[in-house]
Structure formats: structure tokens, C-alpha cells
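# Observations on the model geometry
The lines below spell out each chain.
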Amino acid sequence: MNNPLADFIQDLPKAELHLHIEGTLEPELMFAIAKRNGIPLDFASADELKKAYRFNNLQEFLDIYYLGAKVLLHEVDFYDLTMAYLNTCAVQNVVHTEIFFDPQTHTERGIAFDTVIRGIRRALEDGERQLGITSRLILCFLRHLPEEAAFQTLEEALPYKEWITGVGLDSSELGNPPSRFARVFRKAGEEGFLLMAHAGEEGPASYIREALDLLQVIRIDHGNRCLDDEDLVQELVLRQIPLTLCPLSNLELKVIRQLADHPVKEMLEKGLLATLHSDDPAYFGGYINENYLRTAEAVGLTRHDLGQLAIHSFQASFLPDPEKEIWIDRVNTYCAAC
Ligand code: HPA
Ligand code: ZN
């Protein structure tokens, strides 16, 4: 069906900044990898599995997401997973992507850190060579695990520093405030990693405050709840701290009741550096273009707003300034011609 707004979003150059590679594992690929690795799944088919994708909160999603990741054993599995995602980026005109990976999800099962990162890295190199997509890799600590486990993961990551741009913090937010990870983030910062954290998805605005003050992050993943604290909003605006929003994720995890309640428009109006992304697209019913389109339709984003979100995505990225400028110029040229 002809949809001019979908066409506009399709050709808009975009950067993806909030994407868990394990969350791109489509049911069909999960079944294929499970079969070749001889791993039994609790579901008869990919369609059966998809029916289980109904979540009332973050934890219900995470339980299924960690189960799904268990099919990933070998370097080629991580390669295939990442390559499949990059091919979707090419289709959706995502020209730059900054990918989270959760090494503890795998090392806890006895998979070597080297196996995980080598598979992802090889796909990222092929993705740049074959598809022209630039990328960065970001290691996330699982916040439901102890600080000590995060320290150990950081140690394991040090030999691969050249391949890892930053560290983040994900998994079960409530009851696991950023303050628990202040020391490991300090060490990661000293080692030269760029710092970011999931905060204010289910957790309160005070978790965003802690991420800024105690973890010294330069980007907030989600950050929806900042709107509960006017002083915090003012600081986020003043410092132009990016908030990497994921509307379909918020809808599926019941962070919002309906897409029309998503705060992105309000955030843009307040001058926040908001961006839109897909989080775990295989689980939440859409990649970046579906996030742009469905949110635009639900909250009434204009083409100008969408162009602004794309510009923000490059501004908030870890690309060098000259590359940011090139993409921002291209977005402006594209929007001026529409
Ligand atoms: N929130 C926290 N942890 C996660 C998410 C999320 O949306 N996706 C994967 N790990
Ligand atoms: Zn996330």
C-alpha cells in the first residue's frame, strides 16, 4: 500500500544508537541456529514462539530474551546474527549503527568472550566493506548481576579495547540503581571507554540523575522518566545529553499504555536531544523504520520532526565530527527536497 510518510522515512539516512544485538535474533534464525547446534527449543515452530512474545513488563521480556540467546554457541552464530541485522540496516537506510552486546549472557553459559566478540566483529567489518554501514560496539554490563561480575567482564574486555567503543548498563532496572556500578564505571572511564546507561525506562528519574552524577555517562538509554523532574530536564537540555528512545519497546513492555502516549514530541518541544531506535526489534515488532513510522502516526510527528530526529541520531553518535557533519548535511538536503 502506498504510504508517502513510510517512503519518506525509508529514504531518510539514520543512525541506530540503541540496539541489543541479542534482541535482533528473529525466531526463524533462532530455530535454524538451534537445529544446527542440536539445541532443543520449548516451542514447536517459529510461529508458536512468536505467540509467546507478550510481555507485561521488562522482566517478562528479559526472561524470554535470555532463553533465546542460549542457541548462540559458536563464532559463526554471532556472525550470522549480526550479519542478518546489518542486512536489515541496509534495507532500512541505517547508515551507521552502535550495537550493544551482553557478554555475560554468554560467558555465564560457558561461551568464551573471544567467541562472542570475534563473531560480531567479523560481521561488522564485512558490513562496512560490503554494505557501507559504519558501526561501533558497546559492551553492556548486566545490572542484575553483582558488581564483581561486571569488574570481571571489564577485565575480559581489555584485550579487545580496540573493538569496543563504550560500555553501558542494561537488564532488570528496578532495584538495580546505577549507584551499584559507580566503581566499575569509574574504572571503565579510566580505561578510555565512553560511558552510557539504561536509566528511566521502568526506574525513576533519580536513576537518570545517578547515571549522570555517579556513572558520569554521556548518553542515557531510554530516559523516559526524566519528565518527572523539571530540574533534570533542564540539565539534560543544557548539556544536550542524548536520550535514545525506543517507542515500540516502551509499548510492548508497558512503559506506556498506547503509542499515542509516547513522550518523544514533548521531549523535542522541550529541546531535549531525543533520538528513536529499535532496542530489541525481533521481540518488539519492528526495526527502526517501524519505530519512526508508527510513532509518527501515533503522536503526530511531522516530516520536520522526523528529519530532526535523524539529525539528532548523528549528533548523538560516536562518529567523528566531520562524518557527523556529512550525514547531517545529507539529511538537510534530503528534507529540503521533500
Ligand atoms: N532494557 C533493559 N535491558 C535490556 C533491554 C531493555 O529494553 N533490552 C535488552 N536488555
Ligand atoms: Zn535497551
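Scroll up to find the structure.
In this report, we go over the structure that sits alongside the text. (Residues numbered from 1 in each chain as written. Chains lettered and ligands numbered in written order. Predicted model: local features only at pLDDT ≥ 70, side-chain atom pairs only at ≥ 80, totals over all residues. Heavy atoms only, no water.)

In this structure, the largest pocket spans a volume of roughly 180 Å³. Looking at the largest pocket, the residues that line it are Met30, Ile39, Pro40, Leu41, Asp42, Phe43, Leu49, Ile64, Leu67, Gly68, Lys70 and Val71. In terms of residues, the lining of the largest pocket owes the most to one element, helix α4 (residues 58-68), which gives three residues. In terms of residue class, the lining of the largest pocket is made up of nine nonpolar, one polar and two charged. By volume, the second largest pocket is sized at about 150 Å³. What lines the second largest pocket is Arg121, Leu124, Glu125, Glu128, Ser135, Arg136, Leu137, Glu162, Trp163, Ile164 and Thr165. The set of elements that each furnish at least two residues to the lining of the second largest pocket consists of α7 (113-131) and β3 (134-142). (1 Å grid on protein atoms, 1.4 Å probe; cavity = no way out; pocket = protein on both sides within 12 Å on 5 of 7 lines; lining within 4 Å. Points joined across faces, edges and corners; volume = space filled by probe spheres on them. Helix = DSSP H or I, 4+ residues; strand = E, 2+ residues; numbered from the N terminus. Nonpolar A, V, L, I, M, F, W, Y, C, P; charged D, E, K, R; others polar.)

Geometrically, a metal with four donors at the corners of a regular tetrahedron has ideal angles of 109.5 degrees, and one with six donors at the corners of a regular octahedron has ideal angles of 90 or 180 degrees. Donor atoms from the polypeptide that bind the zinc ion (ligand 2) are His18 (NE2), His20 (NE2), His198 (NE2) and Asp279 (OD), placed at 2.0 to 2.2 Å. Its four donor atoms give the zinc ion (ligand 2) angles of 81 to 174° at the centre, a pattern that matches the irregular case. Sequence spacing of the donors to the zinc ion (ligand 2): H-x1-H-x177-H-x80-D. Of this pair, His20 sits in the loop between β1 (14-16) and α2 (27-37) while His198 is found in strand β5 (residues 194-199), placing the two residues 178 residues apart along the sequence. The pair formed by His20 and His198 is uniform in burial state, with each residue classed as buried. (Donors = N, O, S within 2.8 Å, 3.2 Å for Na, K, Ca; no water. Tetrahedral: all angles 85-135°; square planar, octahedral: opposite > 155°, others 65-115°. Buried < 20%, exposed > 50% of the residue type's maximum accessible area, 1.4 Å probe, protein only.)

With that settled, consider the sheet that holds strand β8 (residues 273-276). Whether parallel or antiparallel, the strands of a sheet pair through hydrogen bonds between backbone atoms. Taken together, the eight strands give an open sheet; going across it, the order is β1-β2-β3-β4-β5-β6-β7-β8, and neighbouring strands pair in parallel fashion. Here the strands that pair on one side only, and so sit at the sheet edges, are β1 and β8. Between one strand axis and the next, the sheet turns through 25° on average, direction left out of account. Looking at chain direction, strand β2 (residues 94-101) and β3 are connected through six bridges and run parallel. Bridged to Glu98 within β3 is Arg136. (Pairing = 2+ DSSP bridges. Axes fitted to C-alpha atoms, helices over the stretch in contact; angles between N-to-C directions.)

As a further point, take helix α10 (residues 205-213). A turn of α-helix holds 3.6 residues, and therefore any two residues three or four places apart point the same way. The complete set of buried residues in α10 reads Ala205, Tyr207, Ile208, Ala211 and Leu212. Buried residues in α10, looked at end-on, bunch into an arc of 155°, giving them a common side. (Arc of directions from axis to C-beta.)

A few words now on helix α16 (residues 303-315). With 13 residues, α16 should reach 18 Å at 1.5 Å per residue; the first-to-last C-alpha distance of 18 Å fits that figure. When we look at burial in α16, the residues that qualify are Asp305, Leu306, Gly307, Leu309, Ala310, Ile311, His312, Ser313 and Phe314. (Expected span 1.5 Å × (residues − 1).)

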